[in-house]
Amino acid sequence: MANINMTPVKTPMPHQDPKVRARNFQEVALGYTEEMAIGEAKRCLNCKHRPCVSGCPVNVRIPDFIAKVAEGDFEGAYQVITDTNALPAISGRVCPQESQCESKCVRGIKGEPVAIGRLERFVADWHRTHAAEKIAKPQSNGHKVAVVGSGPSSLTCASDLAKLGYQVTVFEAFHVAGGVLVYGIPEFRLPKAIVQSEVDKLKAMGVEIMTNMVIGKVLSIDELMEEMGFEAVFIGTGAGLPRFMNIPGEGLAGVCSANEYLTRINLMKAYLEDYDTPVLKSKAVAVVGGGNVAMDACRCAQRLGAEKVYIVYRRGEAEMPARNEEIEHAKEEGIEFMNLCNPVEILGGVDENGKPTGRVAGCRCIRMELGEPDESGRRSPVEVPGSEFVLDVDTVVMALGTSPNPLIRSTTPGLETNRRGCLVVGEDTVSTTREGVFAGGDAVTGAATVIKAMGAGKKAAAAIDKYIQNK
Amino acid sequence: MFKIVKKEMLNPTICLLEIEAPFVARKAQPGQFIILRIDEKGERLPLTIGGYDREKGTVTIIFQLVGLTTQALAKMEVGDALLDFVGPLGKATELEGVKSACVIGGGLGTAIAYPVAKGFHDAGVETDVIVGFRNKDLVILEEEFKQACDNFYLMTDDGSYGEQGFTTAKEKQLLEAGKRYDVIIAIGPVPMMKFVVKTAQPYGVPCKVSLNPIMIDGTGMCGGCRVTVGGKMKFACVDGPEFDGYEVDFDELINRNNTYRDQERETEHSHMCRFDKLGQDLIK
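The model shown is predicted, which means the values in this text are computed figures rather than measured ones. (Residues numbered from 1 in each chain as written. Chains lettered and ligands numbered in written order. Predicted model: local features only at pLDDT ≥ 70, side-chain atom pairs only at ≥ 80, totals over all residues. Heavy atoms only, no water.)

Draft legend 1. How the structure looks around the pattern of salt bridges. Residues and elements named next belong to chain A. This structure, assessed with the given rule, holds 44 salt bridges over all chains. Of the charged contacts in the structure, one is a salt bridge between aspartate 125 and arginine 93, with a shortest N-O distance of 2.8 Å. Taken together, the residues aspartate 125 in helix 7 (residues 116-130) and arginine 93 in helix 6 (residues 88-94) connect sequence positions 32 residues apart. For arginine 93, a relative accessible area of 6% gives the class buried. A salt bridge links arginine 121 to aspartate 125, with the shortest nitrogen-to-oxygen separation between them at 3.4 Å. Of this pair, arginine 121 and aspartate 125 both sit in helix 7, separated by 4 residues, roughly a single helical turn. (Salt bridge = Lys/Arg side-chain N within 4 Å of Asp/Glu carboxyl O. Helix = DSSP H or I, 4+ residues; strand = E, 2+ residues; numbered from the N terminus. Buried < 20%, exposed > 50% of the residue type's maximum accessible area, 1.4 Å probe, protein only.)

Draft legend 2. Representation of the packing of helix 12 (residues 258-267) of chain A against helix 13 (residues 292-303) of chain A in the model. Residues and elements named next belong to chain A. Where helix 12 contacts helix 13, the axes come no closer than 10 Å and their chain directions differ by 50 degrees. The orientation of helix 12 relative to helix 13 falls into the category oblique. Between helix 12 and helix 13 lies a crossing of left-handed hand. Of the residues in helix 13, those touching helix 12 at Ala258, Tyr261, Leu262, Ile265 and Asn266 are Val293, Asp296, Ala297, Cys300 and Ala301. A per-class count over the contact of helix 12 with helix 13 returns 8 nonpolar, 1 polar and 1 charged. (Axes fitted to C-alpha atoms, helices over the stretch in contact; angles between N-to-C directions. Parallel < 35°, antiparallel > 145°, perpendicular 65-115°, else oblique. Left-handed = near helix turned anticlockwise from the far one by under 90°. Contact = heavy atoms within 4.5 Å. Nonpolar A, V, L, I, M, F, W, Y, C, P; charged D, E, K, R; others polar.)

Draft legend 3. The pairing of strand 4 (residues 232-235) of chain A, seen in detail. Residues and elements named next belong to chain A. The alternating pattern of strand 4 places Ala232 and Phe234 on one face and Val233 and Ile235 on the opposite face, and all of these are buried. Note that strand 1 (residues 144-148) and strand 4 share 4 bridges and pair parallel. Following the sheet pairing, valine 148 is matched in strand 4 by isoleucine 235. In this structure, strand 4 lies alongside strand 16 (residues 437-439), joined through 3 bridges in parallel fashion. (Pairing = 2+ DSSP bridges.)

Draft legend 4. Layout of helix 10 (residues 192-204) of chain A. Residues and elements named next belong to chain A. With 13 residues, helix 10 extends 18 Å from end C-alpha to end C-alpha; this agrees with the ideal 18 Å at 1.5 Å per step. Listed in full, the buried residues belonging to helix 10 are Lys192, Ile194, Val195, Glu198, Val199, Lys201 and Leu202. Buried residues along helix 10 sit against helix 5 (74-84), helix 6, helix 7, helix 8 (152-163), helix 9 (180-183) and strand 3 (208-210). (Expected span 1.5 Å × (residues − 1).)

Take it as geometry only, folks, not as evidence of what the structure does.
Here it is as structure tokens:
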């Protein structure tokens, strides 16, 4: 390999200027050009032991696709990726590569790893805009499988099963398919047209998508299997009920969950003038939490015109579960990080006559410090006595994670859940306690990442295939 | 798409639509709700189910023209179709173990009280119904109710029809006269429900209320519909919409329901412009 690019740092990703993008919902990262992609691909050493692949939950053959990019064979690269990853335009944008594939990259030892995520995104985008794809509808094998939910695990599972010839029907509770990819992750991080094009691909492969179908209510799992002839069911219903803090003032107008806030904005397009859904119009917003959802919520608040947006997080920045890139982007856009702080009370306002307004007028917080490591190994935050202060905000968004949705487990006999309400799965990580019913994604693990959900959807598709073929 | 097969204005501000929605009609039960969306740019509007016909595969919704979506909805006609219609959501009214019930409906809540009363009556429960309206012109479903209960009491605030007074006056009168129920179910404006519960309290009669808070997904995902019940946070969409009236924090609910009130007033104007334009485009 004579042609290796020995630059120690990644080819920079072109971005919208932070000042400009903090006021619009267009995509932040603009994507590599062909030249940039080829240059970056040439940084790959094509290591024999391929450590990066072991860091990928869906085992993309990373060095192989990068080699194709280096040759300028972008379509070839796309074929390599989609052998194992049905949704590269999505994972290339939202994967936490720094803790997965890129964390294992040999180039990362002295310098920065190869920008695997950016290359994956480039390849997927190139394919979408250049290749006139004619999707062949696979030969049907006559078996019917139901997929419940249409987020990353479900879309992956449906895609893999459809490729094997299964007749797949996806049931989605909302009016549009995509799950967290459409209601949760904002347009500026993952354009909805990309999700739609993936859903359209599934449809072209013969997958039927039924929206407005709340399984557990409209139809039960039993009805799907016994009356509608589905031989197996995959449950990929996501994480569900948002958590709150149980502190005084959470019932005030102006307090909402990140799920509600983001759904109004992303799914219902409340940020666009001609859509009807209202959203809180805020001057100053506190978003409580330190994950990707918290970053999405605070950056949405900024884009909706808030003058001041805070992240309030009880641990330090090093402990934040959000992707590094999201934290960096949020900072560049002017979000103020109040780390090692925790809300203790949300304060209501009073009008000129001293009457309570019932709306948020501030958030009383307390400083925290990190104590001894807890069971998880993370140092647990403890309150610093006497350090309380009031953050001047009119909106508080809780981004504290979720607990699993009870709709399916409460209507499906034989489906066991653990003490946290997550579906119990067998050693293969995808078989539930009910025969013919498989599950994956946040419904099993609790809140996790898009790519882990995709990995589970993939595993489940293989397990469902095995189950039906051996029946 | 979900086609409108029947439309009726029950009074100048309350509209009834019967919608083709076979999946919803198959499972619907009294006390449950649906969420609809008129068109691509519309909001998701939760409405309690007003009736259903399993054979025809239709569901009836009854709504008051209060906000932008309900006004747009009332402009639609038979043959038009809604883009989205999902349900049945929430838990059904608990009928088991109930031998006698009093269903109290106020204003629009009366429409939602109807399937609940009918559900009880059809199940052989001794059912009293008290409904209240501001005046005679606003009275709805009188004949339907008479067929769906044992004793029917109609109240108007101004006495222009039925008896004069609030529903709670009749409730108190009945309880005072020694009437007892296994359950009183109140459906209507939040302040009315609050006072139905207060009225029942001295007599120790169990009270349920049907709540209709702010909501988006209706499946427990957004938490917009959270209410404090017995000091604990509950989600009306999955834990309700009916709750023990003695435990509900009504004041918090009233306050939270006003979250978007000012904004809706503002947008109503621009919204109606959009719908008028839509109408004009169609005419063209």
